[in-house]
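# A closer look at the structure
For reference, the chains in residue letters:
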Amino acid sequence: MTDGAVPIDVDRLAGIDPAAADQQLNDKIGMQLIEATPERVIGTMPVEGNLQPYGLLHGGANAVLAEALGSTVAALNAGPGRAAMGLELSCTHHRAVRSGKVTGVATPLHIGRGTITAEIVLTDDEGRRTCTARLTCVVRDRPPGA
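The structure contained in this document is the topic of the report that follows. (Residues numbered from 1 in each chain as written. Predicted model: local features only at pLDDT ≥ 70, side-chain atom pairs only at ≥ 80, totals over all residues. Heavy atoms only, no water.)

## So, the overall build of the protein chain
Scanning the protein chain for helices and strands turns up three helices and six strands. Beginning at the N terminus, the succession of helices and strands in the protein chain can be written as α-α-β-β-α-β-β-β-β. A sequence separation of at least 24 residues applies to 65% of the contacts in the protein chain between residues at least 6 apart. Approximately 8,000 Å² of the protein chain is accessible, and the part contributed by carbon and sulfur atoms is 51%. (Helix = DSSP H or I, 4+ residues; strand = E, 2+ residues; numbered from the N terminus. Contact = heavy atoms within 4.5 Å. Areas by Shrake-Rupley, 256 points an atom, 1.4 Å probe, with all protein chains shown as cover.)

## What to know about the environment of P108
The residue P108 is located in strand β4 (residues 101-111) in this model. Taking relative accessible area as the criterion, P108 reaches 23% and is therefore assigned partly exposed. Along the primary structure P108 and A74 are separated by 34 residues, whereas in three dimensions their C-alpha atoms are 7.3 Å apart. Among residues more than four places away in sequence, those in contact with P108 are P38, E39, V73, N77, T117 and A118. (Buried < 20%, exposed > 50% of the residue type's maximum accessible area, 1.4 Å probe, protein only.)

## Describing the pattern of salt bridges
In this structure the tally under the stated criterion is four salt bridges. One salt bridge in this structure joins R82 and D141, with 2.8 Å as the shortest N-O distance. Residue R82 is located in strand β3 (residues 82-93), and its partner D141 is located in strand β6 (residues 129-141); the two are separated by 59 residues in the primary sequence. Looking at D141, the relative accessible area reads 51%, which means it is exposed. (Salt bridge = Lys/Arg side-chain N within 4 Å of Asp/Glu carboxyl O.)

## Here's the deal with the nonpolar core
Counting residues in hydrophobic clusters, the biggest one holds 29 residues, and the most contacted among them are M31, M45, L57, L65, L69 and I120. The set of elements that each furnish at least two residues to this core consists of β2 (41-46), α3 (59-78), β4, β5 (115-123) and β6. Among the elements that take part in this core, α3 stands out by supplying nine residues, more than any other. Ignoring any residue separated from it by four or fewer positions in sequence, one finds L57 in contact with M45, V47, N50, L51, Q52, N62, V97 and V102. (Core = buried A, V, L, I, M, F, W, Y, C linked by side-chain atoms within 4.5 Å.)

## Things to note about the sheet that holds β6
Strand order across the open sheet formed by six strands is β1-β2-β4-β5-β6-β3, with antiparallel pairing between neighbours. The open sheet has two edge strands, β1 (32-36) and β3, and neither has a second partner. Ignoring strand direction, the axes of neighbouring strands in this sheet form an average angle of 25°. Pairing between β3 and β6: 11 bridges, direction antiparallel. From the neighbouring strand, A84 faces β6, where its bridge partner is V139. Of the strands in this sheet, β1, β2, β3, β4, β5 and β6 touch α3, which is tilted by about 145° from β3. (Pairing = 2+ DSSP bridges. Axes fitted to C-alpha atoms, helices over the stretch in contact; angles between N-to-C directions.)

Right, here's the structure in full:
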């Protein structure tokens, strides 16, 4: 993993519609991409601003980070003219987090023509696993002009 965030053109990677570029949930949770390759996507999210009422990191924030990273690794493996869209997400929350940031690492488990499945492991600042997620994306041809 690199020491700092590397400029990554997420809009280009994900094929984001320019009209929706400033409305991304990833920005609202404070996600930063650190690395993005077809073999591995790494990103972070601050705990602050993503809490549930008991002062713990919200499980839904974990799910957003996991889906964002898993979808990115799927998009990077979908192939030219193809789009990957989340089909099923499963998250197991192992440990509560109260401060700092969580780091997620998404790696592909299966790359097929119709589906791509990724495993996403989230860890806290001490490197302890806090959440394990699995995302399956459906892969389809992009519509003309998209």
